[in-house]
Amino acid sequence: MSKHVSRRTAIAITTTAAAAVATLSLAFVSAASADGAAPRAGQAAAALPSVSGSPEGAFTRIADFYGSYIDAVYDHDGKTADQLRSFYLSAPLRAELKKWEETNHANGVLRAQNVPAQWKVDSTGSGAGKTNATVTLTWGGGDTTRIHVQADLKTKKITSITD
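Computed from a predicted model, the values in this text were never measured in an experiment. (Residues numbered from 1 in each chain as written. Predicted model: local features only at pLDDT ≥ 70, side-chain atom pairs only at ≥ 80, totals over all residues. Heavy atoms only, no water.)

J.: When you look at unusual backbone geometry in this model, what are you seeing that I'm missing?
T.: What is expected of a backbone is that most residues other than glycine have negative phi and most peptide bonds are trans. In this structure, histidine 105 takes a positive phi of about 50° despite not being glycine. Along the chain, the position of histidine 105 falls in the loop between helix H4 (91–104) and strand E1 (118–127). Even without glycine at this site, lysine 156 takes up a positive phi of about 65°. For lysine 156, the location among the structural elements is in the loop between strand E3 (144–152) and strand E4 (158–162). (Helix = DSSP H or I, 4+ residues; strand = E, 2+ residues; numbered from the N terminus.)

Below is the structure:
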């Protein structure tokens, strides 16, 4: 009986060790995949990225819009990009963007003719019924553009996009 218990213990330890190695390997590979570079010897794998939000927050809506909109434009999905504009942007802003785009021959949401390689949305505070954010767009060569975006706290619609 004692040999049987020892064998079970050995199997349990081996299984646990194999699972730990698999988990660490997955963390190493995932971290390497996230930014394209593997961690250096002796360096711990970085935490996997996460994104969170709330449908109740106007700031989250700004981030949701920019992430989804950039994906749609990147994928050349004009129908989805237009639907996102209709859902997230106020009617007066959509009209303002149309004029801006005719004058500048560029995408008014992105303030550019190209699609950024990366984006980041930072809150710059809320007040007077509005929430404000700065959207930083990073382009292929590493240059950045900052766009100031405002959304209405009550309707959660984006009401202003400016350089």
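From this point, the narrative continues.
J.: What am I meant to see in the pairing of E3 here?
T.: A regular strand places its side chains on the two faces of the sheet in alternate fashion. Sheet topology note: the strand E2 (residues 130–138)/E3 ladder contains 9 bridges and is antiparallel. Opposite threonine 131, over in E3, you have alanine 151 as the bridge partner. Taking the residues that link successive antiparallel strands as the turn, the E2-E3 hairpin has 5 residues, and the phi of glycine 142 there is positive, at about 100°. Bridge count for E3 against E4 is 4 bridges, and the pairing is antiparallel. By the bridge assignment for E4, valine 149 is matched with isoleucine 161. Taken together, E3 and the strand that follows it, E4, pair antiparallel across an intervening segment of 5 residues, in which lysine 156 is found at a positive phi of about 65°. (Pairing = 2+ DSSP bridges.)

J.: Is there a simple way to think about the packing of aromatic side chains in this case?
T.: Two measures describe an aromatic ring pair: the distance that separates the ring centres and the angle between the ring planes. Following the criterion strictly, the structure yields 4 aromatic pairs and no others. Where phenylalanine 65 meets tyrosine 88, the ring centres are 5.6 Å apart and the plane angle is 50°; that geometry is what we call tilted. Separated by 23 residues along the polypeptide, phenylalanine 65 in helix H2 (residues 58–74) and tyrosine 88 in helix H3 (residues 78–88) bring together distant segments of the chain. With respect to class, phenylalanine 65 is no different from tyrosine 88; both count as buried. With a centroid separation of 4.9 Å and an interplanar angle of 85°, the aromatic rings of phenylalanine 87 and tyrosine 88 are classed as edge-to-face. According to the relative accessible area criterion, tyrosine 88 is buried, its value standing at 12%. (Phe/Tyr/Trp six-rings, centres within 6.5 Å; stacked < 30°, edge-to-face > 60°. Buried < 20%, exposed > 50% of the residue type's maximum accessible area, 1.4 Å probe, protein only.)

These figures capture arrangement, not role.
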